[in-house]
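In case you want the letters, here they are:
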Amino acid sequence: MVQDLGYLKESPSQTAGPYVHIGCTPNFAGITGVYDTDLGTVMVNDRTLGERITVRGRVIDGAGAPLKDALVEIWQADAAGLYNSPSELRGTADPNFTGWGRCPTSADDGIFTFETIKPGRAPYKDGRRMAPHITFWIVARGINIGLHTRMYFADEAEANAEDPLLARIEHRHRVATLVAPREGSVYTFDIHLQGDKETVFLDI
Amino acid sequence: MSDFSNQKPETGAFFQRDRAWHAPALTPGYKTSVLRSPQKALLSLDGTISEITGPVFGHSILGELDNDLIHNFAKPGESAIGERIIVHGRVLDERGQPVRGALLEFWQANAGGRYRHKKETYLAPLDPNFGGCGRAITGEDGSYRFRTVKPGPYPWPNGVNDWRPAHIHFSIFGHGFAQRLITQMYFEGDPMIWKCPIVTTIPDRNAIEQLIAPLDWANTIPMDARAYKFDIVLRGRRSTLFENRMEGN
Ligand SMILES: [Fe+3]
């Protein structure tokens with residue numbers, strides 16, 4: 001026998017279930033008067049630095065149907081590439097930008113929408129720079145453990161070409177699953193859970 | 001946003017997640033997972049600044065009754081119907097360190113097993129004084145507590161006769177986005193735990209037992225509420241002592 005390392009095990013994940021909105025966005029679920037607002041609905045104010053953009057998309061199942069009961073969260077750097085987090089030691093992020101958003105997919109068409117700003121570039125560990133990106137986390141009924149992925153920007157081809165994460169994707173045609181096309185100020189990011197267009201999900 | 005700005009910031013990447021301890025994505029006994037489970041391998045990446053950071057919430061977001069589901073939706077002077085309980089515990093990381101300032105959001109059915117939700121079809125009645133949501137932020141020692149009524153079990157459309165054991169859903173924010181977790185708490189002694197196709201998506205019996213809260217007699221308040229203790233463990237961070245400094249530090 002040797003000494004016990006003493007580590008604990010992470011609590012196992014369980015599905016968010018069909019009623020995740022009761023807990024995470026109760027006002028959206030029609031439970032009003034408990035919290036003033038649902039967390040994560042507003043990321044910017046009129047003093048936020050950076051280019052205003054809209055990120056819109058759906059989470060699509062293996063039969064091609066959009067999920068109408070999912071919850072999508074995003075986390076991103078500010079326009080200068082800094083995160084609004086105590087673990088950010090490179091500088092102070094824009095105090096007018098939360099960096100975090102939460103949106104239920106619509107019960108009608110399954111669309112999620114975030115009004116945010118285009119993030120700056122943040123460093124990878126080895127000093128290379130990552131391309132601008134938004135981190136996504138998706139939970140829903142039928143998803144046993146939250147899915148992490150990233151959205152990149154189609155109009156950042158040069159930065160995307162040198163991004164360390166995109167470079168790790170062996171099957172090159174799958175890179176496109178992480179790159180959102182732009183139309184005006186709107187980026188469209190559809191997340192496919194299965195099939196030919198299955199999004200690259202991350203173990204991070 | 002943090003109330004703990006005097007604390008030394010944590011910048012290490014997180015321990016690799018033990019995927020064998022969690023449910024796999026595809027669990028056919030839980031039918032909804034069949035079309036909602038990724039089929040390709042996940043792309044592994046040691047945490048970058050995008051995952052080791054995360055939003056932190058201050059106590060200023062909390063209302064006075066956020067941790068009291070018996071009263072936070074009830075009419076003045078009234079309270080929710082059901083077995084009164086206190087749920088308390090600590091949020092720790094895999095190193096056993098308390099996670100201070102963690103935001104917990106919880107939601108549950110009422111004492112009859114009915115959710116306040118427009119898609120809910122179970123014939124059990126709504127309780128006009130029960131909404132079903134609450135939240136809390138952990139203290140310096142990682143502790144949290146809230147008051148509620150014990151949720152009832154309920155049937156759900158999966159197999160012909162599948163029932164959920166009594167449970168409370170939890171969403172937890174630690175300090176890094178890679179720690180993001182949603183799970184469920186079950187109650188000691190409930191024989192329905194082992195019959196549930198959602199519980200048994202978790203392959204390891206010890207892992208399931210990690211989600212079962214024991215009755216905590218010592219913390220029961222006489223003539224008021226029984227207590228259940230539910231500790232939650234989030235991913236731990238590696239020490240940053242000998243890691244490469246990130247560019248710009
Ligand atoms: Fe439930």
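Reading guide: rules and limits
Residues numbered from 1 in each chain as written. Chains lettered and ligands numbered in written order. Predicted model: local features only at pLDDT ≥ 70, side-chain atom pairs only at ≥ 80, totals over all residues. Heavy atoms only, no water. UniProt positions renumbered as here; feature names shortened; annotations may be inferred. Donors = N, O, S within 2.8 Å, 3.2 Å for Na, K, Ca; no water. Tetrahedral: all angles 85-135°; square planar, octahedral: opposite > 155°, others 65-115°. Buried < 20%, exposed > 50% of the residue type's maximum accessible area, 1.4 Å probe, protein only. Phe/Tyr/Trp six-rings, centres within 6.5 Å; stacked < 30°, edge-to-face > 60°. Helix = DSSP H or I, 4+ residues; strand = E, 2+ residues; numbered from the N terminus. Core = buried A, V, L, I, M, F, W, Y, C linked by side-chain atoms within 4.5 Å. Contact = heavy atoms within 4.5 Å. Pairing = 2+ DSSP bridges. Patch = residues over 30% accessible without salt bridge, like charges linked within 9 Å, V, L, I, M, F, W, Y side chains within 5 Å. Areas by Shrake-Rupley, 256 points an atom, 1.4 Å probe, with all protein chains shown as cover. Salt bridge = Lys/Arg side-chain N within 4 Å of Asp/Glu carboxyl O. Buried area = accessible area lost by both parts, 1.4 Å probe. Polar contact = N/O pair within 3.5 Å; in protein donor to acceptor, adjacent residues only side chain to side chain.

An unreviewed UniProt entry lists chain B under the name Protocatechuate 3,4-dioxygenase beta subunit, with Rhizobium herbae given as the organism. Per UniProt, the comment on chain B under Sequence similarities (unreviewed entry) is "Belongs to the intradiol ring-cleavage dioxygenase family."

Chain A has the name Protocatechuate 3,4-dioxygenase alpha subunit in an unreviewed UniProt entry, where Rhizobium herbae is given as its organism.

Q: Before we go on, may I ask you to explain the coordination of the iron ion in this structure?
A: Reference values for angles at a metal are 109.5 degrees in the four-donor tetrahedral case and 90 or 180 degrees in the six-donor octahedral case. All names here are of chain B. Taken together, Tyr-115 (OH), Tyr-154 (OH), His-167 (NE2) and His-169 (NE2) make up the full set of protein donors to the iron ion, lying 2.0 to 2.2 Å away. Bound by four donor atoms, the iron ion shows angles of 88 to 161° at the metal and therefore irregular coordination geometry. The class of His-167 is buried, set by a relative accessible area of 1%. Note on His-169: relative accessible area 3%, which makes it buried.

Q: In this structure, what is going on with the packing of aromatic side chains? I would like to understand it.
A: Geometrically, a pair of aromatic rings is defined through the distance of the ring centres and the angle of the planes. As enumerated under the stated definition, the model contains 22 aromatic pairs over all chains in all. Here the aromatic rings of Tyr-19 of chain A and Tyr-115 of chain B are separated by 4.4 Å at their centres, their planes lie at 35°, and the arrangement is tilted. Here Tyr-19 of chain A, found in the segment before α1 (20–24), pairs with Tyr-115 of chain B, found in the loop between β3 (103–107) and β4 (133–137), and the two come from separate chains. Overall, the relative accessible area of 10% leaves Tyr-19 of chain A in the buried class.

Q: Help me understand the nonpolar core, please; the structure alone is not making it clear to me.
A: Proteins that are soluble and globular tend to have nonpolar side chains buried together. Tyr-144 and Phe-170 of chain B are the most contacted members of the largest nonpolar core, which totals 87 residues. Beyond its immediate chain neighbours, meaning those up to four positions away, Tyr-144 of chain B contacts Val-87, His-88, Gly-89, Arg-90, Val-91, Leu-104, Ala-136, Thr-138, Phe-170, Phe-230 and Ile-232 of chain B.

Q: So what exactly am I meant to see when it comes to the UniProt feature "domain: Intradiol ring-cleavage dioxygenases" (unreviewed entry) in chain B here?
A: Within the UniProt annotation, "domain: Intradiol ring-cleavage dioxygenases" (unreviewed entry) is assigned to residues 87–115 of chain B. For residues 87–115 of chain B, the end-to-end C-alpha separation is 19 Å, with 0% helix and 41% strand making up the annotated structure.

Q: Is there a simple way to explain the pairing of β4 of chain B in this structure?
A: Regular strands place their side chains on alternate faces of the sheet. Residues and elements named next belong to chain B. Buried residues dominate β4, accounting for five of its five residues. Summarising the sheet, β3 and β4 pair through five bridges and their orientation is antiparallel. Of the residues in β4, the one forming a bridge with Glu-105 is Arg-135.

Q: Can you walk me through the sheet that holds strand β8 (residues 167–173) of chain B in this structure?
A: In a beta sheet, neighbouring strands pair by backbone hydrogen bonds and run either parallel or antiparallel. All names here are of chain B. With respect to topology, five strands assemble into an open sheet ordered β4-β3-β8-β9-β10, the strand pairing being mixed. Whereas interior strands pair on both sides, the edge strands pair on one side only; in this sheet they are β4 and β10 (212–213). Relative to strand β9 (residues 181–187), β8 runs antiparallel, the two being bridged by six bridges. Bridge pairing in β9 places Ile-168 opposite Met-185.

Q: I keep staring at a nonpolar patch on the surface and nothing clicks. Help me out?
A: All names here are of chain B. Taken together, the side chains of Leu-26, Val-34 and Leu-35 make up a nonpolar region of the molecular surface, amounting to roughly 230 Å² of accessible area. Inspection of the secondary structure puts Leu-26 in the segment before α1 (33–36). Judged by its relative accessible area of 46%, Leu-26 falls in the partly exposed class.

Q: What exactly am I supposed to notice about the interface of chain B and chain A here?
A: How big an interface is tends to be stated in terms of accessible area lost as the parts join. Counting residues at the interface gives 98 residues for chain B, matched by 78 residues for chain A. Approximately 7,900 Å² of surface area, both sides summed, lies buried where chain B meets chain A, with 58% of it carried by carbon and sulfur atoms. It is Arg-36, Leu-43 and Leu-45 of chain B in chain B that bury the most area against chain A; as a group they hold 11% of the surface buried on that side. Taken together, chain B and chain A are joined by eight salt bridges. On the surface where chain B and chain A come into contact, there are 49 residue pairs in polar contact (both at pLDDT 80 or more). Counting residues per element, the side of chain B that touches chain A draws most heavily on β9 of chain B, at five residues.

Q: In this structure, what is going on with the pairing of strand β6 (residues 147–153) of chain A? I would like to understand it.
A: Residue and element names in this part refer to chain A. Counting buried positions along β6 gives seven out of seven residues, so the element sits mostly inside the fold. Pairing of strand β5 (residues 133–139) with β6, which is carried by six bridges, proceeds in the antiparallel orientation. Within β6, the residue paired with Trp-137 across the bridge is His-148.

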